[in-house]
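Results of the structural survey
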Amino acid sequence: MTAEIGTDLDRAANLLAQGQLVAIPTETVYGLAAHAYNAAAVAQVFAVKQRPAFDPLIVHFASAQAVEQAVGGLPQALAPLAAAFWPGPLTLLVPRPAQVPELVTAGLPRVGVRVPDHALTLRLLERLPFPLAAPSANPFGYVSPTTPAHVARQLGGAIAYILDGGACRVGLESTVVGLEA
């Protein structure tokens, strides 16, 4: 069985709410998305990717306001970066809120958050009452996918749905910025 490829946002949202995995487009690469607050769904991401549990995931939100609400506000020094570069290929490291399972952060005290710059994925995120934990949609150590066909070839037999947003514009992962104490 291979993953269905399509643009049905309701189907993608329902699958994610049920704890299933969906590949999503971003401006950078395709991500393997799971309900970020569902530890069992997040564990599936690690299993499907064969990703080591010490390698944390990035959590995707619909807006900077959604990030701020989830994490209790951005650190003052990071807020201008969010204002300037979100939506876009920027991941900010912020203190992990309690609702984010430790598995997402590999037990670290901070979580990577971002607002992707892809209209279809933003519409999906706006429909969901939770953010998405989404590393690249490829087996660990492989080149990150930039088209639905790439995802289907690499993970199509292990996931339910690939949200088809066309080819990714950037083709490289987001920049990560955090503050050191």
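Figured I'd write up the structure that's included with this text. Not measured: the values here are computed from a predicted model.

**Concerning the side chain of His118**
By secondary structure assignment, the location of His118 is in the loop between β6 (110-114) and α6 (119-127). The class of His118 is buried, set by a relative accessible area of 11%. Separated by 3.1 Å, the side chain of His118 and the backbone oxygen of Gly165 make a polar contact.

**Some points on the pairing of strand β5 (residues 90-95)**
Relative to strand β9 (residues 175-177), β5 is paired through three bridges, and the arrangement is parallel. Across the sheet, Thr91 pairs through a bridge with Val176, a residue of β9. Two elements, β5 and β6, share four bridges in a ladder whose sense is antiparallel. Counterpart to Pro95 in the pairing with β6 is Arg110.

**Brief notes about helix α7 (residues 148-155)**
Since one α-helical turn is 3.6 residues long, residues separated by three or four positions face the same way. Within the sequence span of α7, burial applies to Pro148, Val151 and Leu155. Considered in projection along α7, the buried side chains sweep an arc of 65° and stay on one side of the axis. Lining the buried residues of α7 we find β1 (4-6), β2 (22-24), β3 (31-35), α2 (39-49) and β8 (161-163).

**Notes on the environment of Arg169**
Position of Arg169 among the secondary structure elements: in the loop between β8 and β9. For Arg169, a relative accessible area of 56% puts it in the exposed group. Here the side chain of Arg169 touches Asp117 through a polar contact of 3.1 Å, side chain to side chain.

**Some words on the packing of helix α1 (residues 9-17) against α6**
Axis angle and axis distance: for two packed helices, these are the angle between their axes and the distance between the axes, and together they describe the pair. At a closest axis distance of 10 Å, the pairing of α1 and α6 adopts a crossing angle of 50°. In terms of orientation, α1 and α6 fall into the oblique class. Considering how the two elements wind past one another, α1 and α6 form a crossing that is right-handed. Contacts between α1 and α6 pair Leu9, Asp10, Ala12, Ala13 and Leu16 from the former with Leu120, Arg123, Leu124 and Arg127 from the latter. Grouping the constituent residues of the contact of α1 with α6 by class yields six nonpolar, no polar and three charged.

Analysis parameters
Residues numbered from 1 in each chain as written. Predicted model: local features only at pLDDT ≥ 70, side-chain atom pairs only at ≥ 80, totals over all residues. Heavy atoms only, no water. Helix = DSSP H or I, 4+ residues; strand = E, 2+ residues; numbered from the N terminus. Buried < 20%, exposed > 50% of the residue type's maximum accessible area, 1.4 Å probe, protein only. Polar contact = N/O pair within 3.5 Å; in protein donor to acceptor, adjacent residues only side chain to side chain. Pairing = 2+ DSSP bridges. Arc of directions from axis to C-beta. Contact = heavy atoms within 4.5 Å. Axes fitted to C-alpha atoms, helices over the stretch in contact; angles between N-to-C directions. Parallel < 35°, antiparallel > 145°, perpendicular 65-115°, else oblique. Left-handed = near helix turned anticlockwise from the far one by under 90°. Nonpolar A, V, L, I, M, F, W, Y, C, P; charged D, E, K, R; others polar.

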